[in-house]
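Spelled out, the chains give:
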Amino acid sequence: MLRPEQCRAARALLNWTQQHLANEARVARATIRDFENARHRLHGSTQALIVAALVGAGVGFLADAHLGIGVYLRLTGHDCA
């Protein structure tokens, strides 16, 4: 389940605005804004669109009992030193 904090953090990793994510996920910017500000929960289908857009751009999601929740940006071959 995507949390508002993860959505904001994922956008920050990608340097995406709310509008950019909305365009990539094919949802309204207001949907992103209201979700990130905890004004409402996402419908399952809307969450799937947002997660797919973020994963497609290289974001991974963490949910670990010891580490907590978070996001990371997957490295591509040219990112490795």
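Within the largest apolar cluster, 17 residues are counted, with the highest numbers of intra-cluster contacts made by Leu21, Ile50 and Leu54. Breaking this core down by element, the ones donating at least two residues are helix H1 (4-14), helix H2 (18-25), helix H3 (29-36) and helix H4 (44-56). Residues within four places of Leu21 in sequence aside, it is in contact with Cys7, Arg11, Trp16, Ile32, Ile50, Ala53 and Leu54.

Turning to unusual backbone geometry, a few remarks are in order. For Arg26, which is not glycine, the phi dihedral falls at a positive 60 degrees. Its relative accessible area of 64% is what places Arg26 among the exposed residues. Non-glycine residue Ala38 carries a positive phi angle of around 60 degrees. For Ala38, the location among the structural elements is in the loop between H3 and H4.

On to H2, then. Residues of H2 that are buried include every one of Gln18, Leu21, Ala22 and Ala25, and no others. In a view along the axis of H2, the buried residues occupy a sector of 100 degrees, so they form one face of it. Elements that come into contact with the buried residues of H2 comprise H1, H3 and H4. The positive-phi residue at the C-terminal boundary of H2 is Arg26, with phi of around 60 degrees.

About the criteria used
Residues numbered from 1 in each chain as written. Predicted model: local features only at pLDDT ≥ 70, side-chain atom pairs only at ≥ 80, totals over all residues. Heavy atoms only, no water. Core = buried A, V, L, I, M, F, W, Y, C linked by side-chain atoms within 4.5 Å. Buried < 20%, exposed > 50% of the residue type's maximum accessible area, 1.4 Å probe, protein only. Helix = DSSP H or I, 4+ residues; strand = E, 2+ residues; numbered from the N terminus. Contact = heavy atoms within 4.5 Å. Arc of directions from axis to C-beta.

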